[in-house]
Amino acid sequence: MMTCRLITRAGRVLLAAGLLAMGGCGLLTSGEITPTTAISDLEFPPADTQELTDQHFVMNWLLLGPFTFGPEDFGGAQQQAAADKEFMPDEACLNGTQTPPAPIAWAESQQIFTSPNGDGRVVLDKVYRNTDHAAVYAVAWVNCPHEIADAKLLVGSDDYLTVWVNGEMVFSYNVRRRVGAPDQDLIERITLKKGYNRIVVKCVDVIRGWNFYLRLTDKDFKAIPVKPRPAAPCQSGES
Ligand SMILES: [Ca+2]
């Protein structure tokens, strides 16, 4: 089992890579709810149907990028320091309303994230045409019918990944370039509030493949059947 040094800035317990092997992967369907759907209308499925499946990857993202840099920047070679670079001010609070430097723009579409083999990979290479030496931000909202303490985030990335939940950094990986796969890293003790929770991801690519994976479970690795909000920029006053 490969073990990675994981960096936490929030005092969380981060376990090693490759802990979980949960079978095939897949895609969330889009358009399940609209922003006007009452939370009371959202129900968990029966407990015996909450096994984590390939249907539980978060795929409905707003993307902001690519923020490119040179091959010799950030010390060259593995360029780990790029993961710490704040390419947008207040990166933890990105929500689709911020104005990026031209020609960078927000992109919203679930379809372009579908990989050819149908797994839960967010295929940044497809969106950005195999750009190397670049960073992207991805923002998603997941809706919980009630507060969930001790939730877990399962992520994978090619190459480096930072994750914020409701404005708090919960995970950062920048050890070495790697090939992305589902569930490479486990992030524990995530608190999800009732209603929409905003997840911000920064994924940095050095060279070659560029992608990430993200899904949520409860403390027992049962799927949290969160509902995505359509990936559209926030209106004024939204989080
Ligand atoms: Ca790469």
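Residues numbered from 1 in each chain as written. Predicted model: local features only at pLDDT ≥ 70, side-chain atom pairs only at ≥ 80, totals over all residues.

A. Region of interest: the overall build of the chain. When helices and strands are counted, the chain shows one helix and 12 strands. The secondary structure elements of the chain, listed N-terminal to C-terminal, are β-β-β-β-α-β-β-β-β-β-β-β-β. In the chain, which comprises 239 residues, the share counted as buried stands at 39%. Here the contacts in the chain between residues at least 6 apart in sequence split such that 84% fall between residues at least 24 apart. (Helix = DSSP H or I, 4+ residues; strand = E, 2+ residues; numbered from the N terminus. Buried ≥ 20, exposed ≤ 12 C-beta atoms within 10 Å, placed from the backbone. Contact = placed C-beta atoms within 7 Å.)

B. Structural context of the pairing of strand E2 (residues 62–68). In terms of burial, E2 is a largely internal element, six of the seven residues being buried. Inspection of the sheet shows E2 paired to strand E3 (residues 105–108) by four bridges, in the antiparallel sense. Its bridge partner lying in E3, Leu64 is registered against Trp106. In this structure, E2 lies alongside strand E5 (residues 134–144), joined through five bridges in antiparallel fashion. If you follow Phe67 over to E5, its bridge partner there is Ala135. (Pairing = 2+ DSSP bridges.)

C. Examining the pairing of strand E6 (residues 148–158) more closely. Across the 11 residues of E6, eight count as buried, placing the element largely inside the fold. Relative to strand E9 (residues 185–192), E6 runs antiparallel, the two sharing five bridges. Pairing of Ile148 across the sheet is with Leu192, part of E9. Sheet topology note: the E6/strand E11 (residues 211–217) ladder contains seven bridges and is antiparallel. Each residue of the ladder has a partner; that of Lys152, found in E11, is Thr217.

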